[in-house]
Amino acid sequence: MQNKKLDFISKIMIQGLLVTFIFMLPDIIFKLFQSSPIKFSGGMVTQIFLFAILSSSTHSKKFRYFLWSFWGIFMTMELCHFAFFGSLSTPYTYIWMMSELKDTFDGALHSIHLFYAPLSVIIPFVLLFWIDKKFDKNIKRSKISTIILSIALFYMAIDVNRQNRAFFYASERESNPTFIATTRKTNFIIFKAIPKLLFRGYNTNFKPYEITKITSPEKINIIYIFGESGNPNFFSIDSATKQTRQDKTTPHLDNLKNDATFWYSRGFSSSVSTIYSVMMNFYMQREPENHDVQINKKSDILQLVKNAGFKSWFIEAQNTSPDYKDKIDFVYLIENEVNKNGEEIALNYFPKLTELSNKNFILYHQNIMHFDYKTHYEKFGDKWKKFKPSDNSLAEEKISEYKNSVFYWDYIIGKIFNYAKNIAEKTNAPTYVIYMSDHGELIGENKRGHSILSKEVATIPMFVKCFNCSNVNEFKIKNPTHYRMNEKLLHIIGYHLHNPNDDGKTFYINGKSLYGDDGFITMTD
Ligand SMILES: [Zn+2]
């Protein structure tokens, strides 16, 4: 009995491993023909392995063949998309392809690369069906596998609707293996996109954005800081902040209060969670459901910066950034270094005077102020522990830690002002420092963190400071948002964005989906 059990387990493991390899083969073969960033992480191989064991041991031949055919077809389509566009698809690609079927085939027939995609899938899948048939008697099958697999598929159907996973399912990371991407995407299409399309409907009435070129200065420096978890209630510069005003958390900003070349305001972020804010901010997606903006990339800030002839640097203290490949001249991924040595290490990567050109764009994506607040300054001992909790409660503890991290952040901003002043003088060019937080942060009693769709979580600090110019009046907006601030940024870069969907007074706070699937708040000036 014991031996029989062991025999069953070892056989099922072997067939699982073999089928895992077959599921991985399309990506491996495809890579022989065309370079692709697809990578197999341990976690992904484990997922593939579990599906391989379950699907190969499923006792129902019909069920098994249906699932494998399904995967085979979708993996082919996925690789076709990769061969043609150089990126993985989104579910909406399929919906778009269905409505533009003729154009899709016309385009497809003209690309020789597309030939490799079906070839990469057909070979392994023919092998899979052949082995399944040939060794039918040796392969272990069980009703339990059919039941577990059915439950797993059913769970995924609930999962895609229950959790805020729309982005991860919908906009696949380019390094995901085709098997994983296919599983998630078809899950999203079948259980989320199609039902929504049929019953509630996606808003597809958006008109395309238009970008026009306008005059811009011949010499200009821009330092664009995209911050993390900023809550203006704890910024002493924020005049709406009453209870904490006595706490000087932002002395460098406070000093500039009456300076015509400085403007601070609280405003609203595009979303309440980092990755969605990053995507919406850098592609200037104003409407929460207008995912087309992410695909056609007309208002891609980094691309426009490049097109305008800027020399560019990207100092990245998080790994949640938009696609910067080919758009930025110098990229520094410093997350590990920041974790070890503190956020001010970022300043070491700002370009030297001799490296600057006539037009310079320095993008700095911060990590400081992200929960857990104390991790940003604790490594320096007592140096940044300026604010102490007023009682022993957890809320007070977190408030004081947050204030300390704001205080440390302000110190770094002060250093950036010194840097900006210096390059403004030496290059004799107007030099802008623009700061916006990616989203707000809940701090206080029973409230912590972000990612919850609310006006409060989207309330953020933002400022503009200019050196070697007379004022920053063009940035003074009534209800500043990521989008509105970026419109102004485009003006100084040399572009005008005309968005036919924008009435000039409505703005949105999006949840955790670039399709508006996670809900959004509509606001007016
Ligand atoms: Zn964030």
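Scroll up for the structure.
Parameters and conventions
- Residues numbered from 1 in each chain as written.
- Predicted model: local features only at pLDDT ≥ 70, side-chain atom pairs only at ≥ 80, totals over all residues.
- Helix = DSSP H or I, 4+ residues; strand = E, 2+ residues; numbered from the N terminus.
- Buried ≥ 20, exposed ≤ 12 C-beta atoms within 10 Å, placed from the backbone.
- Contact = placed C-beta atoms within 7 Å.
- Core = buried A, V, L, I, M, F, W, Y, C linked by C-beta atoms within 7 Å.
- Expected span 1.5 Å × (residues − 1).
- Pairing = 2+ DSSP bridges.
- Axes fitted to C-alpha atoms, helices over the stretch in contact; angles between N-to-C directions.

Within the protein one finds 17 helices and 13 strands. By residue count, 44% of the 525 residues in the protein fall in the buried class. Contacts spanning at least 24 positions in sequence make up 74% of the contacts within the protein whose residues lie at least 6 apart.

In this section: the nonpolar core. Ile 223, Tyr 224, Ile 225, Tyr 432, Val 433, Ile 434 and Val 464 are the most contacted members of the largest nonpolar core, which totals 85 residues. With 11 residues, helix α15 (residues 394-427) is the largest single contributor of residues to this core. Once residues lying within four places of it in the same chain are set aside, the contact partners of Tyr 432 are Ile 222, Ile 223, Val 464, Cys 466 and Ile 492. Formed by 29 residues, the second largest nonpolar core is a distinct cluster that contains Val 19, Phe 23, Trp 71 and Val 121.

The next thing to look at is the environment of Ser 36. As for its placement among the helices and strands, Ser 36 is situated in the loop between α1 (2-33) and α2 (42-57). The sequence separation of Ser 36 and Gly 86 amounts to 50 residues, and the corresponding C-alpha distance is 7.8 Å. Contacts of Ser 36, omitting those with residues within four sequence positions, involve Phe 30, Lys 31 and Phe 82.

Helix length check: α2, at 16 residues, gives a terminal C-alpha distance of 22 Å against a target of 22 Å (1.5 Å per residue), a fit within 8%. Those residues of α2 not exposed but buried are Ile 48, Phe 51, Ala 52, Ile 53, Leu 54, Ser 55, Ser 56 and Ser 57.

A separate point is the sheet that holds strand β7 (residues 431-437). With mixed pairing, the 7 strands of this open sheet are ordered in space as β3-β10-β7-β2-β6-β4-β5. In the strand order of this sheet, the two ends are held by β3 (262-268) and β5 (330-333), each with one partner. Here the strands of the sheet are splayed against their neighbours by 10 degrees on average, with no regard to which way each runs. Here strand β4 (residues 311-316) runs beside strand β6 (residues 359-365); their pairing, made up of 6 bridges, is parallel. The partner of Trp 313 across the bridge, within β6, is Ile 362. Sheet strands in contact with α15 are β2 (220-227), β7 and β10 (459-467), and its direction is about 155 degrees off that of β7.

Next up on the list: the pairing of β10. Burial analysis of β10 places 9 of its 9 residues in the buried class, the great majority of the element. The two faces of β10 match: Thr 459, Pro 461, Phe 463, Lys 465 and Phe 467 on one face and Ile 460, Met 462, Val 464 and Cys 466 on the other face are all buried. Note: β7 against β10, 6 bridges, orientation antiparallel. Paired with Val 433 across the two strands is Lys 465, which belongs to β10.

Moving on to α15. Over its 34 residues, α15 extends 49 Å from the first C-alpha to the last, a length consistent with the 50 Å expected when each residue adds 1.5 Å. Phi for Asn 428, located one or two positions after α15, is positive at around 50 degrees.

With that settled, the discussion passes to the environment of Phe 226. Turning to its location among the elements, Phe 226 is positioned in strand β2. On the neighbour-count criterion, Phe 226 (24 C-beta atoms within 10 Å) is buried. Taking the C-alpha atoms as reference points, Phe 226 and Glu 316, separated by 90 residues in sequence, lie 9.8 Å from one another. Among residues more than four places away in sequence, those in contact with Phe 226 are Asn 281, His 365, Gln 366, Met 436 and Asp 438.

This part takes up unusual backbone geometry. Here the residue pair Phe 371 and Asp 372 is connected by a cis peptide bond, since its omega of 0 degrees sits within 30 degrees of zero. Among the structural elements, Asp 372 can be located in the loop between β6 and α15. Unlike most non-glycine residues, Ser 229 shows phi in positive territory, near 45 degrees. Checked against the element boundaries, Ser 229 lands in the loop between β2 and α10 (251-254). Ser 229 gets classed as buried once you count the C-beta atoms within 10 Å, which come to 25.

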